[in-house]
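Per-entry structural report
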Amino acid sequence: MKITILKISVFVLLLSLMGAGCKKDEDKNLKELDGYIVGFNPCSVHYHYRIGYVIISTDLKDTLATYNLSDETFKMPASVLFHPSDTLYKIPESYFKNGWGGMYFQASSRYEFKVKGTYRYAKENEKSTQVCTNDLDPNLEQIIIISATK
């Protein structure tokens, strides 16, 4: 009886340790975000996909794209959501009317939407592959926002 309890205890301990190891690996992949939402993927607007936002880091070293800041369905003005009841920004509809190929907000409003938080790079199966013309620079690294604030 004591051996059975010992085996079960060891098994539960091993499972706990395995779970803790995965969390540490995920935490190592998190990066700090300090930048501005400066534009969008025009394809996501024109074809009513989930909105892809372009974020430029404050040090101008990174230009990133994310698709997990917007509502599941496109509505104007585009809200940047983290929780169903919380909206980080309401970006005016006029900001999305840059013509078919334009992906950046007008220069006067490029630094209006500050964003800070944490992110990780999107895995292949998490990347947005919207079917349309090449509106967004395919070289932009896609990220998954874990948390964000203004």
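One structure accompanies this document, and this report is about it.

This part covers the overall build of the chain. Tallying secondary structure elements over the chain gives 2 helices and 7 strands in all. Across the 150 residues in the chain, those meeting the buried criterion constitute 36%.

Turning to the side chain of threonine 66, a few remarks are in order. As for its position among the elements, threonine 66 is in strand S3 (residues 63-66). A polar side-chain atom of threonine 66 sits 3.1 Å from the main-chain carbonyl oxygen of isoleucine 143. Once residues lying within four places of it in the same chain are set aside, the contact partners of threonine 66 are Ile51, Gly52, Tyr53, Ile55, Ile143 and Ile145.

Here the focus is the packing of aromatic side chains. Applying the stated criterion across every chain yields a total of 7 aromatic pairs. Taken together, a centroid distance of 5.8 Å and an interplanar angle of 70° make the contact between phenylalanine 105 and phenylalanine 113 edge-to-face. As far as burial versus exposure is concerned, phenylalanine 105 and phenylalanine 113 are alike and both buried. Each residue in the set Phe40, Tyr89, Tyr95, Phe105 and Phe113 is aromatic and connected to the rest through ring pairs, giving one cluster. Just above the ring of tyrosine 36 sits the side chain of lysine 114; from NZ or CZ to the centre is 4.8 Å.

Take the pairing of strand S2 (residues 53-57) next. Buried residues dominate S2, accounting for 5 of its 5 residues. Burial along S2 is two-sided: the residues Tyr53, Ile55 and Ser57 and Val54 and Ile56 are all buried. Pairing between strand S1 (residues 31-40) and S2: 5 bridges, direction antiparallel. Looking at the pairing, glycine 39 lines up with valine 54 of S2. Pairing geometry for S2 and S3, over 4 bridges, is antiparallel. Along S3, the bridge assignment pairs valine 54 with alanine 65. Hairpin remark: S2 followed by S3, antiparallel, with 5 residues in the connecting loop; positive phi at leucine 60, about 60°.

Calculation rules
Residues numbered from 1 in each chain as written. Predicted model: local features only at pLDDT ≥ 70, side-chain atom pairs only at ≥ 80, totals over all residues. Heavy atoms only, no water. Helix = DSSP H or I, 4+ residues; strand = E, 2+ residues; numbered from the N terminus. Buried < 20%, exposed > 50% of the residue type's maximum accessible area, 1.4 Å probe, protein only. Polar contact = N/O pair within 3.5 Å; in protein donor to acceptor, adjacent residues only side chain to side chain. Contact = heavy atoms within 4.5 Å. Phe/Tyr/Trp six-rings, centres within 6.5 Å; stacked < 30°, edge-to-face > 60°. Lys NZ or Arg CZ within 6 Å of the ring centre and 35° of its normal. Pairing = 2+ DSSP bridges.

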